[in-house]
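In case you want the letters, here they are:
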Amino acid sequence: MFKLQSLGKLVSVSVLPNLLIFFVAIWTERLLAARGIVIATLLYTLATVVLYFLR
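Below you will find a few notes about this structure.

Rules of the game
- Residues numbered from 1 in each chain as written.
- Predicted model: local features only at pLDDT ≥ 70, side-chain atom pairs only at ≥ 80, totals over all residues.
- Heavy atoms only, no water.
- Helix = DSSP H or I, 4+ residues; strand = E, 2+ residues; numbered from the N terminus.
- Expected span 1.5 Å × (residues − 1).
- Buried < 20%, exposed > 50% of the residue type's maximum accessible area, 1.4 Å probe, protein only.
- Phe/Tyr/Trp six-rings, centres within 6.5 Å; stacked < 30°, edge-to-face > 60°.
- Patch = residues over 30% accessible without salt bridge, like charges linked within 9 Å, V, L, I, M, F, W, Y side chains within 5 Å.
- Areas by Shrake-Rupley, 256 points an atom, 1.4 Å probe, with all protein chains shown as cover.
- Salt bridge = Lys/Arg side-chain N within 4 Å of Asp/Glu carboxyl O.

What about helix α3 (residues 31–54)?
Argument step 1. The first and last C-alpha atoms of α3 sit 35 Å apart over 24 residues, in line with the 34 Å expected at 1.5 Å per residue.
Argument step 2. Every buried residue of α3 is accounted for by Ala-34, Ile-37, Thr-48 and Leu-51.

Written out as structure tokens, the structure reads:
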């Protein structure tokens, strides 16, 4: 994936399911789970930015 320069895109797409899980956690009032999902999404975003600048 790194040679094809698509690793950053793969990480970006893997963040999208977190959005659905986040809204389900908010609707069911599981706020600690929602906070964990936001933190994980931020870490994925940071990894995507780092991979973008490495290519």
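Picking up after the structure, the text goes on.
Overview of the packing of aromatic side chains
Argument step 1. For the coordinates displayed, the defined rule picks out two aromatic pairs.
Argument step 2. Taking 5.6 Å as the distance between ring centres and 65° as the angle between the ring planes, the aromatic pair formed by Phe-22 and Phe-23 counts as edge-to-face.
Argument step 3. Judged by relative accessible area, which is 22%, Phe-22 ranks as partly exposed.

Focus: the environment of Phe-23
Argument step 1. On the secondary structure map, Phe-23 appears in helix α2 (residues 16–27).
Argument step 2. Phe-23 sits in the partly exposed class, given a relative accessible area of 37%.
Argument step 3. Spatially, the C-alpha atoms of Phe-23 and Ile-37 are 9.9 Å apart, while their sequence positions differ by 14 residues.

Description of a nonpolar patch on the surface
Argument step 1. Together, Leu-19, Leu-20, Phe-23, Val-24, Ile-26, Trp-27 and Leu-31 line one region of the surface with nonpolar side chains, adding up to about 740 Å² of accessible area.
Argument step 2. With six residues, the single largest contributor to the nonpolar patch is α2.

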